[in-house]
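What follows is each chain in one-letter form.
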Amino acid sequence: MNLAQQIINGIVLGHAFALIAIGWTVLLGVARLVNFGHGQMYMLGAFITWFAMSAWGLPYLVAIPLAMSVGVGVGYLMQRTMLNLTIRQDLVSVMIVTLGFGYVIEGAAALTFGSTGQILDTPLSLMDIYIGDIWFTWQDIAIVVVTILVFIALKYVIENSPVGRRVRMVAEDPKLAQLAGINIKRVYLGVFAFEGATVALAAAMVAPRTPILTSMGFEEVIITFVVVVLGGIGSVTGSYLAGLGLGLFTAFFGAYVSSAYATAAMFVVLIAVLVLRPGGMTQKMGGH
Amino acid sequence: MTGAQSPVLEVRNLTADYNGNRALTIDHLALHEQELLGVVGANGAGKSTLVGAILNWSRGAPRVSGEVILDGEDLSRMDTPSRVKKGLLLIPESQLIFHSMSVAENLAHHASAADAAGRHVYSLDDIYDLFPNLANRRGHLGGQLSGGERQMLGIARALRLAPRVLLLDEPSIGLAPKLVLTVLRTIRQLADNGLTVLLIEQNVKAAVEVVDRMALLERGRVLAEGAAAEMRDDPRIAEAYLGGHAT
Amino acid sequence: MTASRLRPFVLPVTAIALLALPWLLGGANVVFSACVIIAIFAVMSYGLDVIVSDLGEVSLAHPVFFASGAYTTSIASSRYGLDPASTLVLTVVVVLALAAAIAFVTLKLREFVFSLVTYAVSVVAMTVAANWAFLGGSDGVTGIPAFEFAGFRALTDRQLWPLAWGLLVVVLYLVSAFRKSRLGHAAMTVHLNPALARMSGISPEIVRMKVFLVSAPITASAGWLYAYQRAYISADVLTPYFLILMLTAVVLVGRRILLAPLIGVAIVVTQERFLSYGAYVDRIILGTLLILALSFLPRGLYGLVVDALSMLRRKKSRPLDERQEV
């Protein structure tokens, strides 16, 4: 395993992490919501993409928007169910409800797709690129490009568009936002639908890298936690950098220490961050 | 002004309860075209509850019932944002601006032409003419503003949303005496320019100088109501608010 | 008068009736098996109940306490031949150390940040359990001997039932004693009014730490008995099922009602054992229960029943014209 290969792996992995976490960045940082069913939504997006391509023979570029629309539907349904909890800002209940949704999604996916592992091959993931002894695929390049585009678009929309402004108003003070004539229910529903769409996009892009299993959601969400927390809750740029850093960390840890304990190592990073700056976390979170 | 023409905003049988305790009982209250109505009363008299109830809005969770009629249209079944879009604009007592946004961003959010339905949407130029201070600080974050500037920005934000009626909840609270006058004069000027305004004010002495009419609230009920000049001489007001506190 | 005089007898009579229940229900092996599992999972849930209902935080690390009980017991009994009393003591020691470590790290974290970290603890514990050879890795721990102590031997669920029942009764007693204790009151104060707690000289951090140390061994003791019941322990004890089950049990029936988690677990396990639609559909049912309970029944099934009863009563007693307003 040479160094350059690990750097490439880390960069691709980092962009994958950032893309997976982007829905959470908006959810937690911008709208002060949580979704513990994120990992299962990722799993669902991967399986919908796989199913659309292998069972229905749809092209990859059609399967992606299909998975994203299912994500939108699931996100909308989740938020619709717990809208009252969200409006009361009862985050603890929101968290448990989303955990319940994750469990339901996993059961439904296992029922529909079976519990055996599958391989999601895309036209891009089958095209290898060799430079010297460095290897990657066109899928890897696509992940990096899509992630960068999504982050740029998101940053622009949040900071400069009326929609982004509305979301930020609701995030800072939902009550005051109502007095500005903003329908906060619609914003909350929209944010969850967005989260559903982006995590499905991430799944369609990233899942071809590894075998997919209906039980993979439980662990997947840890990566998201760490990226969002490390990036400084809510910061779009921060999430991108955190994803990248974590990707490199994971690639090197996996290559030189142990790939089985990569998640555990990430968790240690999370704890370190939380313990080193607990004030910053609680201060930012406590308000709502 | 308070003649036979139908009122702009009318409130009937408005009640609010907190955990079964009645905090507000307003049988009838009306605001007329271009009128500046002051609502005064002691702490806990139900002033904030009143303006909140008119918009079906509160930071707590009271149970509100009653009729709110704007230009003959019954808004009672509407939620807060819909009432806002009809032109009821409340500037709450505290937390009245978005602290994490710049002044310019606070002001960027404005009513669409469709929602404004013919009402005047103050342009940014209008706003900066009216509040030159805000023009100077447009790049600053809301959280960096002084108390007086926050009030100005709070009012300015509301103006961008095409108010039919402006409801202000104690804009003078916590301000230096000199600023109180400035704020109240600004509000008077808005009324003179054609807005209908409901002003909640604890500083009766200052309020009586600018309002057209005044209502005295006590334990959630309107105890007395009348033209500002009459109310100034009303013993209940003179005694409680003007009498001993000569400055 | 008579009601208050009868009161001291209510609990013992209920407890005895509970012990006789499997026989009353026909005494089939499946009934004993379900009852043992209900008792074990209820004990597991009571540990979490104390954290959620009294302390007001949601710990998602409790499956780890359950698993640590199960692993400690299975390893100590199968590899080192320890008897059940020793494995119970060892379980408590191990879980206290673990709980202290987790509580210490999360001491300053609140609300969902706390939950987020404890959730991460669960996930990490699962990857560790599946990979660490000492814990049997993905094969798990086998060869756990039958429960045998002081001449009492329990191999089947029928034989284990008095034991499971006994553990449940002890835990019910512990939880109700906790709620009456000074620590229990302090926990409620911290939960409902942290500012008041500080003013009355209660340190929220210390209370949290103590409540954690009370709660974790309760959940772990369920893992202890589970090891003997299953005779095989693997990383499966850390799957989300246990977490979702615990949470559902705690919120389904109602908060701070002593028997609520037991009834919650009984509802879920009864469905899974006797009205099952297959493992995947059962998962959907369990998750849906959790979602519905929290989204639409803020006071649980108990609140629903109370509301329905009072509504019926009001309809009967109220004159017609007043009914219109309701």
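Structural notes, computed from the coordinates. (Residues numbered from 1 in each chain as written. Chains lettered and ligands numbered in written order. Predicted model: local features only at pLDDT ≥ 70, side-chain atom pairs only at ≥ 80, totals over all residues. Heavy atoms only, no water.)

Residues and elements named next belong to chain C. In this model, helix α3 (residues 62-80) (19 residues) spans 26 Å end to end at C-alpha, consistent with the 27 Å of a helix rising 1.5 Å per residue. Of all 19 residues in α3, 16 are buried, a share of seventy percent or more. Of the residues trailing α3, Gly 81 is marked for its positive phi of about 65 degrees. (Helix = DSSP H or I, 4+ residues; strand = E, 2+ residues; numbered from the N terminus. Expected span 1.5 Å × (residues − 1). Buried < 20%, exposed > 50% of the residue type's maximum accessible area, 1.4 Å probe, protein only.)

All names here are of chain B. Summarising burial for strand β9 (residues 213-218): five of the six residues are buried, a large majority. Here five bridges tie strand β3 (residues 36-41) to β9, and the two strands are oriented parallel to one another. Bridged to Gly 41 within β9 is Leu 217. Pairing between β9 and strand β10 (residues 221-227): six bridges, direction antiparallel. (Pairing = 2+ DSSP bridges.)

On the chain C side, the residues contacting the 42 residues of chain A number 40 residues. A combined buried area of about 3900 Å² lies between chain A and chain C, and 83% of that area is made up of carbon and sulfur atoms. Ranking the residues of chain A by area buried against chain C places A:Ile96, A:Tyr103 and A:Phe218 at the top, with a combined share of 21%. Linking chain A with chain C are one salt bridge, by the criterion used here. Taking the shortest distance from any N to any O, the salt bridge between A:Glu106 and C:Arg283 comes out at 3.2 Å. (Contact = heavy atoms within 4.5 Å. Buried area = accessible area lost by both parts, 1.4 Å probe. Salt bridge = Lys/Arg side-chain N within 4 Å of Asp/Glu carboxyl O.)

This part covers the sheet that holds strand β8 (residues 196-200) of chain B. All names here are of chain B. Taken in spatial order, the six strands of this open sheet run β6-β7-β8-β3-β9-β10, and their pairing is mixed. Only two strands of the sheet have a single partner each, and these edge strands are β6 (88-91) and β10. Across this sheet, the average inter-strand angle for adjacent strands is 15 degrees, counted without regard to direction. (Axes fitted to C-alpha atoms, helices over the stretch in contact; angles between N-to-C directions.)

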